[in-house]
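A look at the structure
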Amino acid sequence: MKILKKIGQILLCPLPLLLTLLLQVVVVFVSMLALAFRDPWNADPYALFMEQYDIFMLLIQGITFLIFFLWYFLAYGRKQSLTPLYRLFGGKDLGIFLLFSIGIYFLTAIYMGLSSVVTPDLMEEYQTMVEESGLGDLTILSTISTLLMAPLSEEIIFRGITLNLSKKAFRYFWLANIIQALFFGIAHMNWIQGSYAFLLGLCLGYVCEVYHSLFAGMLLHLLFNFMGTYGASLISSLPFPDLVYYLFMLVVGVPVTIFCLFWLRKKKNPPPRPAYWTGEPMD
């Protein structure tokens, strides 16, 4: 019976990922069907969908957030209140999170540069996807999607539900963290974005474990996305050769990331665990 129970716990781990992908397919299908009925003479509802991608992305994120928040709330914290943010993070914590996001972004940018040289076909495919979807455009809707909805929904799905299911199924946190990060990468549905999302997922899972709070993952996720959206635009506008950019990112990104990881590892006296956001089941 114990073996069957353990197998069941393991099989539950990918359930949030599968449900997320299913929701995306259903919403996209229903949206394209609605577009086709609205304009029956248009032979390409997909083109109409991509023209309004920001709106539909927010719709997908909103529906996903509501469903998984309900799952998380019912499973782990129906009767608990939220711990105020000021009790979780001090000034040093916020500074470390900012530095950590910069370090991770710089390492990600270096990886993207290497990918454009080593796997140009995959990089071209990724860039085409970004251009067609308008993900690279800085609009109000894209900003809300990137800086608000993505950290909220993805942290609940992967660092909230998936990580806790994996911790229950496996004995060690490091293994559970790898599993949730792997699923987080797969959810992005392309090799380039999925591979650096895997590394980001490891860091997000780690800070959630250190602070015993999903707020930690949400904050770091938000800062990373901010760097990837607005920081990238600022850096690319500077009149320097690409080699200078990458050398600067390497020299700064590696030590900053290592420093932040050591600081987090040595962090003492973490704040009390708020059961509502830690994934501790209710009695």
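Details of the structure are given in the entry above.
Here goes a summary of the coordinates provided.

Rules and cut-offs
Residues numbered from 1 in each chain as written. Predicted model: local features only at pLDDT ≥ 70, side-chain atom pairs only at ≥ 80, totals over all residues. Heavy atoms only, no water. Salt bridge = Lys/Arg side-chain N within 4 Å of Asp/Glu carboxyl O. Helix = DSSP H or I, 4+ residues; strand = E, 2+ residues; numbered from the N terminus. Buried < 20%, exposed > 50% of the residue type's maximum accessible area, 1.4 Å probe, protein only. Disulfide = S-S within 2.5 Å. 1 Å grid on protein atoms, 1.4 Å probe; cavity = no way out; pocket = protein on both sides within 12 Å on 5 of 7 lines; lining within 4 Å. Points joined across faces, edges and corners; volume = space filled by probe spheres on them. Nonpolar A, V, L, I, M, F, W, Y, C, P; charged D, E, K, R; others polar.

Let's shift gears to the pattern of salt bridges. Enumeration according to the criterion identifies two salt bridges in this entry. A salt bridge links R159 to E155; the nearest nitrogen and oxygen atoms lie 2.7 Å apart. Highlighted residues: R159 and E155, both in helix 8 (residues 140-169), separated by four residues, approximately one helical turn. E155 matches R159 in its accessibility class, with the two residues each being buried. Residues K167 and E209 are paired through a salt bridge, measuring 3.1 Å at the closest nitrogen-oxygen approach.

This part covers the state of the cysteines. Considering all chains together, one arrives at zero disulfides under this definition. With no disulfide of its own, C203 has C260 as its nearest cysteine by sulfur position, at a separation of 9.7 Å. Note on C260: relative accessible area 0%, which makes it buried.

Estimates place the volume of the second largest pocket at around 280 Å³. It is helix 10 (residues 191-211) that contributes the most residues to the lining of the second largest pocket, six residues altogether. By residue class, the composition of the lining of the second largest pocket is 10 nonpolar, two polar and one charged.

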